[in-house]
Amino acid sequence: VQLQASGGGLVLAGGSLRLSCTASGSRYNVNSADWYRQAPGKQRELVAGVSSGGSTTYADSVKGRFTISRGNAKNTVYLQMNRLKPEDTAVYYCNANLGGPGRLPKNLWGRGTLVTVSS
């Protein structure tokens, strides 16, 4: 099983992007997941998370602009990013706890996807 993050790109300030984090192969579900980001010269920070029960948390800097959600297929988590700002520019990573019927639990990191917001 692999965790694949995608959806990054270049966008103007005020625009939107949707990132996807998908567990591929071996029929794993995403039980809970977090999105992190790391800007150049800065430490990785937690942006948003969704628990196995569906509770969500957000960094103060993205509250009201970003939304984390699950896909209907249970193996994908999304991060909808609206009203993007130049300071949102970073490499975004997903981290997920995976599981499923007959599957050993796994915690995986996806490869980062670059989000660049130009002013």
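Just so it is clear, the model here is predicted, and its values are computed rather than measured.

Observations regarding the pairing of strand β7 (residues 66-70)
Remember that side chains alternate between the two faces of the sheet whenever the strand is regular. Taken together, the 5 bridges between β7 and strand β8 (residues 76-81) define a ladder with antiparallel strand orientation. Each residue of the ladder has a partner; that of T67, found in β8, is Q80. Counting the residues that bridge the hairpin from β7 to β8 gives 5 residues, and of these K74 lies at a positive phi of roughly 70 degrees.

What to know about the packing of aromatic side chains
Working definition: an aromatic ring pair is given by the centre-to-centre distance plus the angle between the planes. For the structure on display, the rule yields 1 aromatic pair. With 5.1 Å between their ring centres and 45 degrees between their planes, Y36 and W109 make a pair best called tilted. Highlighted residues: Y36 in strand β4 (residues 29-38) and W109 in strand β10 (residues 103-109), separated in sequence by 73 residues. Judged by relative accessible area, W109 falls into the partly exposed class, the value being 42%. The side chain of R18 reaches across the aromatic face of Y78, ending 4.0 Å from its centre.

Remarks on the state of the cysteines
Summed over the entire model, instances satisfying the criterion amount to 1 disulfide. The residue that forms a disulfide with C21 is C94, at a sulfur-sulfur distance of 2.2 Å. Negative torsions about the S-S bond denote left-handed disulfides, and the value of about 75 degrees found for C21 with C94 makes this one right-handed. Here C21 is found in strand β3 (residues 17-24), whereas its partner C94 is found in strand β9 (residues 90-100), with 73 residues between them in sequence. Note on accessibility: C21 and C94 belong to one class, buried.

Cut-off values and rules
Residue positions are counted from 1 within each chain, in the order its sequence is given. Reporting in this predicted model follows two pLDDT cut-offs: at least 70 for local features of residues, and 80 or more for side-chain atom pairs to be given and counted; totals over whole chains, interfaces and linings ignore these cut-offs and use all residues. Only hydrogens and water are removed before side-chain values are computed, so all heavy atoms of the structure are retained for them. What makes two strands pair is DSSP finding at least two bridges between them. Counting from the N terminus, the helices are the DSSP runs of H or I reaching at least four residues and the strands are the DSSP runs of E reaching at least two. We call Phe, Tyr and Trp rings a pair once their centres come within 6.5 Å, taking the six-membered ring for Trp, and we label the pair stacked below 30 degrees between planes, edge-to-face above 60, and tilted otherwise. Note on exposure labels: buried denotes an accessible area under 20% of the residue type's maximum, exposed denotes more than 50%, and partly exposed covers the range between, all computed with a 1.4 Å probe on protein chains only. Whether a charge lies above a ring is judged from NZ of Lys or CZ of Arg, which has to be within 6 Å of the ring centre and within 35 degrees of the ring normal. Note on terminology: pairs of cysteine sulfur atoms within 2.5 Å are recorded as disulfides.

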